[in-house]
Amino acid sequence: MSSVAVLTQESFAEHRSGLSQQQVKVTALNSEEENDPPTYKEAFPPLPEKAPCLEAAQEPAGPWSKIRPIKASVITQVFHVPLEERKYKDMNQFGEGEQAKICLDIMQKTGAHLELSLAKDQGLSIMVSGKLEAVMKARKEIVARLQTQASATVAIPKEHHRFVIGKNGEKLQDLELKTATKIQIPRPDDPSNQIKITGTKEGIEKARHEILLISAEQDKRAVERLDVEKVYHPFIAGPYNKLVSELMQDTGTRINIPPPSVNKTEIVFTGEKEQLAQAVARVKKIYEEKANSFTVSSVSAPSWLHRFIIGKKGQNLAKITQQMPKVHIEFTEGEDKITLEGPTEDVNVAQEQIEVMVKDLINRMDYAEINVDHKFHRHLIGKNGANINRIKDLYKVSVRIPPDNEKSNLIRIEGDPQGVQQAKKELLELASRMENERTKDLIIEQKFHRTIIGQKGERIREIREKFPEVIINFPDPAHKSDIVQLRGPKNEVEKCTKYMQKMVADLVENSFSISVPIFKQFHKNIIGKGGANIKKIREESNTKIDLPAENSNSETIVITGKRANCEAARHRILAIQKELANITEVEVSIPSKLHNSLIGAKGRFIRSIMEECGGVHIHFPTEGSGSDTVTIRGPAQDVEKAKKQLLHLAEEKQTKSYTVDLRAKPEYHKFLIGKGGGNIRKVRDNTGARIIFPTSEDKDQELITIMGTEEAVKEAQKELEALIKNLDNVVEDSMVVDPKHHRHFVIRRGQVLREIADEYGGVMVSFPRSGTQSDKVTLKGAKDCVEAAKKRIQEIIEDLEAQVTIECTIPQKFHRSIMGPKGSRIQQITRDYGVQIKFPDREENPAPVAEPAVQENGEEGGEGKDGKDADPSSPKKCDIIIISGRREKCEAAKEALQALVPVTIEVEVPFDLHRYIIGQKGSGIRKMMDEFEVNIQVPAPELQSDIITITGLATNLDRAKAGLLERVKELQAEQEDRALRSFKLTVTVDPKYHPKIIGRKGAVITQIRTEHEVNIQFPDKDDESQAQDQITITGYEKNAEAARDAIMKIVGELEQMVSEDVTLDHRVHARIIGARGKAIRKIMDEFKVDIRFPQSGAPDPNCVTVTGLPENVEEAIDHILNLEEEYLADVVDNEAMQVYMKPSSHEESKAPSKGFVVRDAPWATVNNEKAPDMSSSEDFPSFGAQVAPKTLPWGPKR
């Protein structure tokens, strides 16, 4: 069911009258009827006053009267259980046994606190403390578990049971808690009316009493049902249910009217018998009144016309309902009729009006239905409904296309008969065209889809705009499909296909990728300062260059783009590496058929050769290229070694190649390889076979591959298997280690022990617990590993025993630079020399000058002071660095530390060059400091000193000094050039020609400046001290003279020009100038003249000045006068028309507005109250703004 209800002025006025006791008077204030202004109460009716509460009237008024007393949240109750009702009567076990356990359990469950005591009559007293809810729960548990239970039944009428249960069972739960009983009510389908109560005698009595009270209360109430036709329900309810609410309030009866959506006619009354009878009588009276003056009628109208009858936003229907507000009009979806309900006379009038409307619509409206396959529906609708909305607007019709889930082919068109036929024709043509359309699938690799679509769909939008009739569908990225579907007219689809294939071909060409292995230490040089180098290579080669992450072990740089561009970028990157290091590149010829076997599975074989030969880079040509050239790049010695190995292996592969796989636990690999690869090198030298261990990237970490001749491989396999077998043979051994050395092995969470375990096949080393004073250390693992680990522990002990501690004195101010970034330099020294280095704590405020100690009581230097402490030559504690280790290594580490102490040298640089060396915001000097890894100190300008100090490592100072002097040479050369560029030349030119030399927006003078590379300065008009005819040119002498000649040439041309004034009617000036001066610029360009129009307020508004060569000026004037004659005719015609035109509204004189006026306002009464101040922020506060509070005698409100 659907219906339309319209709120009219009359019904709104009637509704407002119901909201207050007074009748609200509605006054129409038309523009003609504004004689008497409304009263203040009419304009601003007061709200209905609330009846004062009697109780509140009795209370003394005051700020404290509103405060409620705060109730305590914790309560205490005492329960008594008589001896005969106690469950546990054993007197010997009071406070123990089952009874105590139950009490503890109740306390945990409820959170209440229980205290038990035994009375003289052996009854049990229980004191319960806690929150009300917890106390009630605890009481229920006590009764159920510590007191003997009784049961009783109580019979009440079945219909009263629901009142005992209450809403959601809340009343029943509350009753059970109050009485500490269990109440069982029979189910609704059980005919029994007996309620069973279980609990103590006292509780049962209380519960029984409460249940009987509820039943007795319900006996007083009655229920009556009144059958009233559905159409009269709204009249009984009243507007916004007001009438029924008043009836319920007056009688105290509950009246339930079924909602419109429920098809029931029964109204239910519930309440006291007498009051219920009154309510029923009043409802019957309303019904009878309405029934006698009410009728229901219907009008036949096709269901498709209903919405046209209702009109846009209910406009048509509103016209009827405004005239007859008591008539209810209902439209039922799918039915060809309209139902009218209301007073008989009104219904008859409304029926006539609707019938006329229906007849008119049937005569001028039509509909058509067409069948179009539902798969074409979305194409007919278009993107965001573009197609269908265009058809609707063009033909003024309504088109209903069924939703996809209906799978219906029927499309309905409604509207003007002619529009319906035209829309039908166009839709059928579109459908026919779609049936003849072609669908083509393009195979495009999914990796290109995002590129074709472009950022925010920019590129695909361009393609769609180019081929608007073609629909392009890309697959969902999650489906991993390469199929792109094109759909549209055959020719357009073919054109779009070719265009997209060309685009894909370009993408493929630009997606060529090449990997360049570059030693990790040179990556920062390839990137350059702030990415300058890499950015330049990317821009100039038009490629994408990806470098591995800083924390990655990869050395490969990937270049993507066109093949030729990638090769050029690769060549430039390799050139940078070659410049920075002694890198040799050698090409070796190896048959291409052997390349795959030399590379090995996932590059394992070639990787092992590269690692063995110091990390050289070996580059094989791409597969299928047919090239035999293999490139080896790296330090000369390592390249030679790798070349020999490759050629030897290639020779082996050509003659006879054999491969065997072995398996060994990953923890054994380090031991098999040995320290610095010693063990595996020994096997390799003995057998001649190559042994490849898995890298961290390989999935199978146990696989070891042996390659070479069959004989060599078998021999190596035999040796390795023997080693692995020994490793699998686990033994336990022990050794003696002095307890004073134990700490060295176990500190830092046993780091030394972990290193031993990693290096020697996972051997377990156990030191005795601290405090036991035992010197026995246990080792467990493979026999060979245990022996090797014992040997290593013995070496460490020897180192510890031979360990010495020496001091290295370096001033504290150099400590930070010695440590290096994040302590990198000091960590390198500790690794290289195997020593421990400890820096002293920083001295926060070192005294710059040691002052003599103050003498007190004749004592010098204070008590207990050693003369040694006062020795100024002794080093400070904060300058002493402690080095621990073997003596020879400590000495070497000390030398290395002292080599890191910065040295300072002085370089003489002319003072006037200092600011250029520093550069803009210090960029120049910062660049030099970063490049040479030194600190450069330029003296303050006020010192006027030529000395620049360079501080840094001795190795870097010479480079830095040379770099600084080189920069000085460059700056001196620039100074000389600047002197040549500062040649000045003055040209005398009449000021009237200056604007012409400057040109429009400075175009002419800018061209001269750019062409001759000079600076041209015109005199300042406001500066009277300057000669106004002097133009200054600054630059190289030759360029300045050329610029002067160019200016004088322009002056010569200008002197030949003439200026003529012509009289043009000011009314045509705007037409001649045109929009934004477009027309006048065209005339000036065409005749090569300058035309100046008078400014507003000029003495002669018709005077126009034309300047140029004499013949051009004459032609331009003739052209302008012709235009004037043509435009003036139009102006005269327009002025003649204006006489007959109605004057505009703003020209009509209007009486001044009085504003909004009311009578009997509060401020106009006898009290002579002042009218509210509109400008006062207190009377009219703005939203969000703070209002200044009124000053009160007792201070501001809190």
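Analysis parameters
- Residues numbered from 1 in each chain as written.
- Predicted model: local features only at pLDDT ≥ 70, side-chain atom pairs only at ≥ 80, totals over all residues.
- Heavy atoms only, no water.
- Helix = DSSP H or I, 4+ residues; strand = E, 2+ residues; numbered from the N terminus.
- Buried < 20%, exposed > 50% of the residue type's maximum accessible area, 1.4 Å probe, protein only.
- Contact = heavy atoms within 4.5 Å.
- Phe/Tyr/Trp six-rings, centres within 6.5 Å; stacked < 30°, edge-to-face > 60°.
- Lys NZ or Arg CZ within 6 Å of the ring centre and 35° of its normal.
- Arc of directions from axis to C-beta.
- Patch = residues over 30% accessible without salt bridge, like charges linked within 9 Å, V, L, I, M, F, W, Y side chains within 5 Å.
- Areas by Shrake-Rupley, 256 points an atom, 1.4 Å probe, with all protein chains shown as cover.
- Salt bridge = Lys/Arg side-chain N within 4 Å of Asp/Glu carboxyl O.
- Lys, Arg positive; Asp, Glu negative; His and termini not counted.
- Charge placed at Lys NZ, Arg CZ, Asp CG, Glu CD.
- Polar contact = N/O pair within 3.5 Å; in protein donor to acceptor, adjacent residues only side chain to side chain.
- Axes fitted to C-alpha atoms, helices over the stretch in contact; angles between N-to-C directions.
- Parallel < 35°, antiparallel > 145°, perpendicular 65-115°, else oblique.
- Left-handed = near helix turned anticlockwise from the far one by under 90°.
- Nonpolar A, V, L, I, M, F, W, Y, C, P; charged D, E, K, R; others polar.
- Pairing = 2+ DSSP bridges.

The next subject is the environment of I211. If you trace the backbone, I211 turns up in helix α8 (residues 201-219). Overall, the relative accessible area of 0% leaves I211 in the buried class. When the C-alpha atoms of I211 and F163 are compared, they prove to be 9.3 Å apart, with 48 residues separating the residues in sequence. Residues contacting I211, with those up to four places away along its chain left out, are V154, I156, V164, L175, I183, I195 and I197.

In this section: the packing of aromatic side chains. By the definition in use, this model includes 2 aromatic pairs. Ring centres of F745 and F767 lie 5.0 Å apart, and the angle between their planes is 25 degrees; this geometry places the pair in the stacked category. With F745 in helix α30 (residues 742-759) and F767 in the loop between β30 (764-766) and β31 (776-782), this pair connects stretches of sequence that are 22 residues apart. The pair formed by F745 and F767 is uniform in burial state, with each residue classed as buried. The aromatic ring of Y367 is capped on one face by R412, whose charged end is 4.0 Å from the ring centroid. Above the ring of Y1127, the side-chain terminus of R1071 is found at 4.2 Å from the ring centroid.

For helix α42 (residues 1078-1087), the full list of buried residues reads I1080, I1083, M1084 and F1087. Down the axis of α42, the smallest arc covering the buried residues is 95 degrees, so these residues share one side. Those residues of α42 that are exposed and angled more than 90 degrees off the buried face are K1078, K1082 and D1085. K1088, located one to two residues past α42, shows a positive phi value of around 55 degrees.

Turning our eyes to something else, we now look at a negative patch on the surface. Together, E1060, D1061, D1100, E1111, E1114, E1115 and D1118 make up a region of like negative charge exposed at the surface. For the negative patch, the secondary-structure elements that each account for two or more residues are β41 (1058-1063) and α43 (1110-1138). By residue number, the principal contributor to the negative patch is α43, which donates 4 residues. With respect to the secondary-structure elements, D1100 resides in the loop between β42 (1090-1092) and β43 (1103-1108).

Tracing the backbone shows S541 in helix α22 (residues 532-541). For S541, a relative accessible area of 8% translates into the label buried. Within the structure, S541 has its side chain in polar contact with the backbone oxygen of I537 (distance 2.5 Å). For S541, the contacting residues outside a window of four places in its chain are N565 and A569.

By the secondary structure assignment, K643 is in helix α26 (residues 636-655). Judged by relative accessible area, K643 falls into the partly exposed class, the value being 26%. Each C-alpha atom, one on K643 and one on I609, is 10.0 Å from the other, the two residues being 34 residues apart in sequence. Apart from the residues lying within four places of it in its own chain, the contact partners of K643 are V586, V588 and I632.

What follows deals with the packing of helix α4 (residues 97-110) against helix α5 (residues 132-146). Taken N-terminus to C-terminus, the directions of α4 and α5 make an angle of 155 degrees; their axes are 10 Å apart at the nearest point. In terms of axis orientation, α4 runs roughly antiparallel to α5. Between α4 and α5 lies a crossing whose hand is right-handed. On α5, the residues that touch Q99, I102, C103, D105, I106, K109 and T110 of α4 are A134, K137, A138, E141, I142, R145 and L146. Tallied by class, the residues present in the contact of α4 with α5 amount to 7 nonpolar, 2 polar and 5 charged.

With that settled, the discussion passes to a positive patch on the surface. Positive charge collects at one region of the surface, where R1000, K1001, K1078, R1081 and K1082 lie side by side. In this structure, R1081 sits in helix α42. R1081 gets classed as partly exposed once you look at its relative accessible area, which sits at 33%.

What follows concerns the sheet that holds β42. Strand order in the open sheet formed by 3 strands is β41-β43-β42, with antiparallel pairing between adjacent strands. At either end of the open sheet lies a strand with only one pairing partner, and these are β41 and β42. The mean angle between the axes of side-by-side strands here comes to 20 degrees, regardless of whether they run parallel or antiparallel. Pairing of β42 with β43, which is carried by 3 bridges, proceeds in the antiparallel orientation.

Keep in mind these values describe shape, not function.
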